[in-house]
Amino acid sequence: PASTPTVPPPPLRWMGGVDGRLRLIDQTLLPVECREIECASVEDVWEAIRRLCVRGAPAIGVAAAYGVVLGLQAVADANRDAFDRRLSEVADYLATSRPTAVNLFWALDRMRRVAAASPDLPAGEVLERVPAEAETIGRGDREECPALGWVECYYLGRGRLTQDVFAGVVLLLLASAWTTEWLGI
């Protein structure tokens, strides 16, 4: 009997609300094995980024954004000064996980701006906004990455199917594991 191929889970996904967890595919095991790991703390996310469990600039940025959420969960009821200090500590800590990852710093800066945009709100209300910003970063990744890949393939071949275009499509397929969602191609 023919077996039905299983669809892998998304390379990266947030499970739950403000008190949720990050699940991601351990990309160090691909292509031999597809296993998810759960990140329940900022330290887990830092380790996943450092060990290359999460790869690709877009996915690293989104993972770091959710790492900020995890790092702030314990200070939801703190005063605003303590919350802001913890945000700075968490972002600085995550920045050391992969010092050359541009999207990592870009995402961390966006998370800092969310808090800075509402200095008069209590910590708990700011924390409610932080996962939404992480999701916005992820949604942008899911919308932009496939389009950029196809544009690259087009320009490689100037509209013709060439060996370079074929190589570009192969890279696009591989890159889908490095974004936050399989590209479906």
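Computed from a prediction, not measured in an experiment: that's the story for all the values here.

### Considering the sheet that holds strand β2 (residues 21–25)
In step 1: In space, the 3 strands of this open sheet follow the order β1-β2-β3, with antiparallel pairing throughout. In this open sheet, the two strands that pair with only one neighbour each are β1 (12–15) and β3 (36–39). Direction aside, neighbouring strands of the sheet carry axes that sit 25 degrees apart on average.
In step 2: Against the sheet, helix α1 (residues 42–50) engages β2 and β3, with an angle of about 140 degrees to β3.
In step 3: Sitting on the sheet, helix α2 (residues 57–72) touches β1, β2 and β3, and the angle it makes with β1 is about 20 degrees.

### Looking at the packing of α2 against helix α4 (residues 102–116)
In step 1: It is the contact of α2 with α4, at a shortest axis distance of 8 Å, that shows an interaxial angle of 35 degrees. The crossing of α2 and α4 is right-handed. Across from A57, P58, I60, G61, A64, A65, V68 and V69 in α2, the residues of α4 making contact are N103, L104, A107, L108 and M111.
In step 2: Classifying every residue of the contact of α2 with α4 gives 11 nonpolar, 2 polar and no charged.

### As for the pattern of salt bridges
In step 1: Summed over all chains, the structure comprises 11 salt bridges.
In step 2: Between R51 and D26 there is a salt bridge, with its nearest N and O atoms 3.6 Å apart. With R51 in the loop between α1 and α2 and D26 in the loop between β2 and β3, this residue pair connects regions lying 25 residues apart in the sequence.
In step 3: Here R51 falls in the partly exposed class, since its relative accessible area comes to 38%.

### Section: the packing of aromatic side chains
In step 1: For the structure on display, the rule yields 2 aromatic pairs.
In step 2: Ring geometry for W46 versus Y93: centroids 5.5 Å apart, planes at 20 degrees, classification stacked. Remark: Y93 occurs in helix α3 (residues 80–95) and W46 occurs in helix α1; sequence separation between them is 47 residues.
In step 3: By relative accessible area, which is 17% here, W46 ends up buried.
In step 4: For Y93, a relative accessible area of 29% gives the class partly exposed.

### Describing the nonpolar core
In step 1: With 45 residues, the main nonpolar core has L22 and V68 as its most contacted residues.
In step 2: Residue assignment for this core shows that the elements contributing at least two residues are β1, β2, α1, α2, α3, α4 and α5 (123–157).
In step 3: Among the elements that make up this core, the one with the highest residue count is α2 (11 residues).
In step 4: Setting aside anything within four residues of it in sequence, one finds V68 in contact with L87, V90, L94, L108, M111 and V130.

### Topic: the pairing of β2
In step 1: Here β1 runs beside β2; their pairing, made up of 4 bridges, is antiparallel. From the neighbouring strand, M15 faces β2, where its bridge partner is R21.
In step 2: Alignment of β2 against β3, held across 4 bridges, turns out to be antiparallel. Counterpart to R23 in the pairing with β3 is E38.

Rules and cut-offs
- Residues numbered from 1 in each chain as written.
- Predicted model: local features only at pLDDT ≥ 70, side-chain atom pairs only at ≥ 80, totals over all residues.
- Heavy atoms only, no water.
- Pairing = 2+ DSSP bridges.
- Helix = DSSP H or I, 4+ residues; strand = E, 2+ residues; numbered from the N terminus.
- Axes fitted to C-alpha atoms, helices over the stretch in contact; angles between N-to-C directions.
- Contact = heavy atoms within 4.5 Å.
- Left-handed = near helix turned anticlockwise from the far one by under 90°.
- Nonpolar A, V, L, I, M, F, W, Y, C, P; charged D, E, K, R; others polar.
- Salt bridge = Lys/Arg side-chain N within 4 Å of Asp/Glu carboxyl O.
- Buried < 20%, exposed > 50% of the residue type's maximum accessible area, 1.4 Å probe, protein only.
- Phe/Tyr/Trp six-rings, centres within 6.5 Å; stacked < 30°, edge-to-face > 60°.
- Core = buried A, V, L, I, M, F, W, Y, C linked by side-chain atoms within 4.5 Å.

These values are about where atoms sit, not about what they do.
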